[in-house]
Amino acid sequence: MSLNEPYDRDNIFAKIIRGEMACVKLYETDDVLAFMDVFPQSKGHCLVVHKNTEATNLFDMTTAGLAEIIGAVQKVAAAVKGGMKPDGVRIAQFNGAPAGQTVYHLHFHIIPVYDGEPLGQHGAGGPTAAEALEPIAAAIRAAL
Ligand code: AMP
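About the criteria used
Residues numbered from 1 in each chain as written. Predicted model: local features only at pLDDT ≥ 70, side-chain atom pairs only at ≥ 80, totals over all residues. Heavy atoms only, no water. 1 Å grid on protein atoms, 1.4 Å probe; cavity = no way out; pocket = protein on both sides within 12 Å on 5 of 7 lines; lining within 4 Å. Points joined across faces, edges and corners; volume = space filled by probe spheres on them. Helix = DSSP H or I, 4+ residues; strand = E, 2+ residues; numbered from the N terminus. Nonpolar A, V, L, I, M, F, W, Y, C, P; charged D, E, K, R; others polar. Pairing = 2+ DSSP bridges. Axes fitted to C-alpha atoms, helices over the stretch in contact; angles between N-to-C directions. Contact = heavy atoms within 4.5 Å. Buried < 20%, exposed > 50% of the residue type's maximum accessible area, 1.4 Å probe, protein only. Near = heavy atom within 4 Å. Polar contact = N/O pair within 3.5 Å; in protein donor to acceptor, adjacent residues only side chain to side chain. Areas by Shrake-Rupley, 256 points an atom, 1.4 Å probe, with all protein chains shown as cover.

A.B. asks: Summarise the layout of surface pockets; cite the residues concerned and give the values.
C.D. replies: The method is simple in principle: a probe with the dimensions of a water molecule rolls over the atoms, and the space it marks as empty is what remains. In this structure, the largest pocket spans a volume of roughly 510 Å³. Surrounding the largest pocket, 29 residues form its lining, Phe13, Asp37, Val38, Phe39 and Leu47 being those nearest its centre. Secondary-structure elements contributing two or more residues to the lining of the largest pocket are helix 1 (12–18), strand 2 (32–36) and strand 5 (107–113). In terms of residue count, helix 1 provides more of the lining of the largest pocket than any other element does, three residues in total. Among the residues forming the lining of the largest pocket, the class breakdown is 16 nonpolar, 12 polar and one charged.

A.B. asks: A description of the sheet that holds strand 1 (residues 25–28) should follow, citing residues and the corresponding values.
C.D. replies: Taken in spatial order, the five strands line up as 1-2-3-5-4 in an open sheet, and their pairing is antiparallel. Two strands close off the open sheet at either side, each with one partner strand: strand 1 and strand 4 (88–92). On average, each strand axis in the sheet is tilted by 20 degrees relative to the strand beside it, whichever way the strands run. Sheet analysis places strand 3 (residues 46–50) next to strand 5, joined by four bridges and oriented antiparallel. Each residue of the ladder has a partner; that of Leu47, found in strand 5, is His109. Sheet strands touched by helix 2 (residues 63–84): strand 1, strand 2, strand 3, strand 4 and strand 5. Its angle to strand 3, the strand with the most contacts, is close to 155 degrees.

A.B. asks: Tell me about the pairing of strand 3, and please be specific about residues and values.
C.D. replies: Within strand 3, five of the five residues are buried, leaving the element largely enclosed by the surrounding structure. Side chains Cys46, Val48 and His50 of strand 3 all project onto a buried face; the interleaved residues Leu47 and Val49 project onto the opposite face, where all are buried too. Pairing geometry for strand 2 and strand 3, over five bridges, is antiparallel. Bridge pairing links Ala34 to Val48 in strand 3.

A.B. asks: Describe the site of the ligand, and please don't skip the residues or the numbers.
C.D. replies: Taken together, 18 residues sit near the ligand, with Asp37, Thr102, Val103, His109 and His122 positioned nearest. Interatomic distance of 3.0 Å between a backbone N/O atom of Gly100 and an oxygen atom of the ligand. Within the complex, the protein chains bury 92% of what would otherwise be the 510 Å² of accessible surface of the ligand. Among the elements of the structure, helix 1, strand 2 and strand 5 are those that each provide at least two residues to the shell around the ligand. The element best represented in the shell around the ligand is helix 1, accounting for three residues. When its residues are assigned to classes, the shell around the ligand shows 11 nonpolar, six polar and one charged.

As structure tokens, this is what we get:
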């Protein structure tokens, strides 16, 4: 998908935001939602989206909306840091398929990095079941 495609209201994250698809939720306000990535690149990999937008990518988003989402990214990343005790935390965001974007609702990745543990490849690997993500999510939620 190019950088200028119109927003698809049936993308996976739109369905999660509307409650039509399940997610392992970490944090939610009227404006933002954070949940576990089901194809995690590391233990604790999670995502933050804005709930009240039809922004496909960074370029479509208002500055005010970006401020809200990045504030939530900082809060949830701090909880990942506290709950998972990683050695580093990567924040990532992709715009357009050539850049690696696979879901076309603006989102930020929070990816904890552990010494000696290589990250999984973006967009590869198998899904992790909700039951396996839940205890990880519980540790992150406890640090919020
Ligand atoms: P991106 O490739 O930057 O668009 O990121 C999309 C992310 O969403 C990937 O890391 C996927 O693993 C993740 N993902 C895809 N489907 C789901 C889902 N149903 N629930 C949670 N994460 C998902």
